[in-house]
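Summary of structural features
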Amino acid sequence: MTNLFQALVVDKTDTFSVEVKPLSLEDLPSGEVLIKVAYSSVNYKDGLAGIPNGNIVRNYPFVPGIDLSGTVVSSTDSRFQEGQSVIATSYGIGVSHFGGFSEYARIPADWVIPLPESLNLREAMIYGTAGFTAAMSIEALEAHGLTPDNGKVLVTGATGGVGGAAVAILAKQGYQVTASTGRIDEARYLQTLGAAEVISREDVAGSAVKPLDKQLWQAAVDSVGGPPLAAVLSKITYGGAVAASGLTAGTAVPTTVLPFILRGVSLLGIDSVSCPSEKRAKLWQRMGLDMKPAVLEELVDREISLKELPAALEDILKSNTRGRVLVRLS
């Protein structure tokens with residue numbers, strides 16, 4: 001293999017820049033597993049890494065990309081062998097450790113898991129961090145008692161990466177899914193993923209959020225946070241739950257204790273970043289088996305090269321993407 005390869009590098013040494021540059025293996029950070037990257041994907045956090053005030057990257061120059069799939073080139077850890085297909089997501093990847101927007105990545109072995117036999121490298125990144133977060137949300141709701149015969153399930157931010165994957169996985173599991181979106185013109189897309197009903201975000205959170213409202217959904221997968229999350233909590237049926245993982249609508253949730261103490265509603269926090277590797281590997285297995293929707297490919301908005309990546313990072317911050325943007329590295 002050549003010692004030089006291409007990577008997307010963000011830099012703030014003089015002026016802020018985002019451009020594709022050649023790197024060498026010596027430029028990569030330490031780690032036990034060297035991976036030839038096949039695919040990565042574009043996530044909201046990646047978009048923030050691509051702007052000077054995104055508060056994601058601390059040290060420059062830096063290679064973003066919070067997830068990747070690829071093939072092991074070499075490993076000093078006995079758990080991984082040359083030629084093995086693997087996935088690496090979350091932890092410090094693309095935040096404090098060079099990430100997946102690179103033809104090669106060197107990753108700590110504890111952050112790497114084997115690719116399940118039921119998924120290929122491309123499918124793994126159709127899911128990516130967003131799909132894994134959606135699967136974590138659904139698994140947490142299942143543990144809370146979510147079943148298909150107990151009523152409708154709401155998914156907010158449904159045209160986004162987490163939301164789209166949640167719609168598709170829930171529909172595959174037999175749930176009646178209500179998809180909420182700020183892009184109501186994408187209703188047909190959401191129905192293709194399996195949504196039984198598509199509503200606008202205004203239908204979820206109007207101008208005023210009531211402490212308690214009409215009980216509509218047994219549970220919700222929320223990837224937006226902010227006032228919409230408060231509105232969702234007020235409309236969950238008795239004993240239901242909301243799995244929350246996002247903040248695109250803000251970090252402040254203007255709610256009261258009433259949904260919790262009068263209806264027994266639970267708010268389940270979903271953190272895919274620090275999920276233990278054993279639990280992570282088991283969930284990825286499920287994502288290739290009983291959770292895997294037949295419409296997985298429908299989640300793909302487009303597949304791009306490294307050269308097209310800067311524009312895609314801008315698009316995700318402007319909500320100009322639908323579903324998943326795949327980055328093809330090799």
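Please read these numbers as outputs of a predicted model, since none were measured by experiment. (Residues numbered from 1 in each chain as written. Predicted model: local features only at pLDDT ≥ 70, side-chain atom pairs only at ≥ 80, totals over all residues. Heavy atoms only, no water.)

Turning our attention to the pairing of strand S12 (residues 236-244). By the bridge criterion, five bridges tie strand S11 (residues 217-222) to S12 in an arrangement that is parallel. Residue pairing for S12: Val221 is matched across the bridge by Ala243. (Pairing = 2+ DSSP bridges. Helix = DSSP H or I, 4+ residues; strand = E, 2+ residues; numbered from the N terminus.)

What follows covers the nonpolar core. Counting 53 residues, the largest nonpolar core has Leu141, Val155, Val167, Leu170, Leu190, Trp284 and Met287 as its most contacted members. Element by element, the count of residues in this core is highest for helix H2 (residues 121-144), at twelve residues. Aside from chain neighbours lying at most four places away, what touches Val155 is Gly163, Ala166, Val167, Leu170, Val177, Thr178, Ala179, Ser180 and Val221. Formed by 42 residues, the second largest nonpolar core is a distinct cluster that contains Val10, Leu25, Phe80 and Phe101. (Core = buried A, V, L, I, M, F, W, Y, C linked by side-chain atoms within 4.5 Å. Buried < 20%, exposed > 50% of the residue type's maximum accessible area, 1.4 Å probe, protein only. Contact = heavy atoms within 4.5 Å.)

As a further point, take helix H3 (residues 161-172). Taking 1.5 Å of rise per residue, the twelve residues of H3 would be expected to cover 16 Å, and the 17 Å separating its terminal C-alpha atoms lies within 8% of that figure. Burial runs high along H3: ten of the twelve residues are buried. Taken residue by residue, H3 has Gly161, Val162, Gly163, Gly164, Ala165, Ala166, Val167, Ala168, Ile169 and Leu170 as its buried positions. Where H3 is buried, its residues contact H2, strand S8 (153-155), strand S9 (177-181), helix H4 (187-193), S11 and strand S15 (324-328). Residue Gly174 follows H3 closely and has a positive phi angle near 95 degrees. (Expected span 1.5 Å × (residues − 1).)

Of note, Asp46 is situated in helix H1 (residues 44-49). The side chain of Asp46 sits in the buried core without any salt bridge; Arg324 is the nearest counter-charge, 7.0 Å away. Within the structure, Asp46 has its side chain in polar contact with the backbone nitrogen of Gly65 (distance 3.5 Å). (Lys, Arg positive; Asp, Glu negative; His and termini not counted. Salt bridge = Lys/Arg side-chain N within 4 Å of Asp/Glu carboxyl O. Polar contact = N/O pair within 3.5 Å; in protein donor to acceptor, adjacent residues only side chain to side chain.)

Now for the layout of surface pockets. Estimates place the volume of the largest pocket at around 1,300 Å³. Around the largest pocket sit 47 residues that line it, and Tyr44, Ser223, Gly246, Leu247 and Thr248 are the ones nearest its centre. Those elements that provide at least two residues to the lining of the largest pocket are H1, H2, H3, S9, helix H5 (201-204) and helix H9 (309-317). Residues of the lining of the largest pocket, tallied by class, amount to 20 nonpolar, 21 polar and six charged. (1 Å grid on protein atoms, 1.4 Å probe; cavity = no way out; pocket = protein on both sides within 12 Å on 5 of 7 lines; lining within 4 Å. Points joined across faces, edges and corners; volume = space filled by probe spheres on them. Nonpolar A, V, L, I, M, F, W, Y, C, P; charged D, E, K, R; others polar.)

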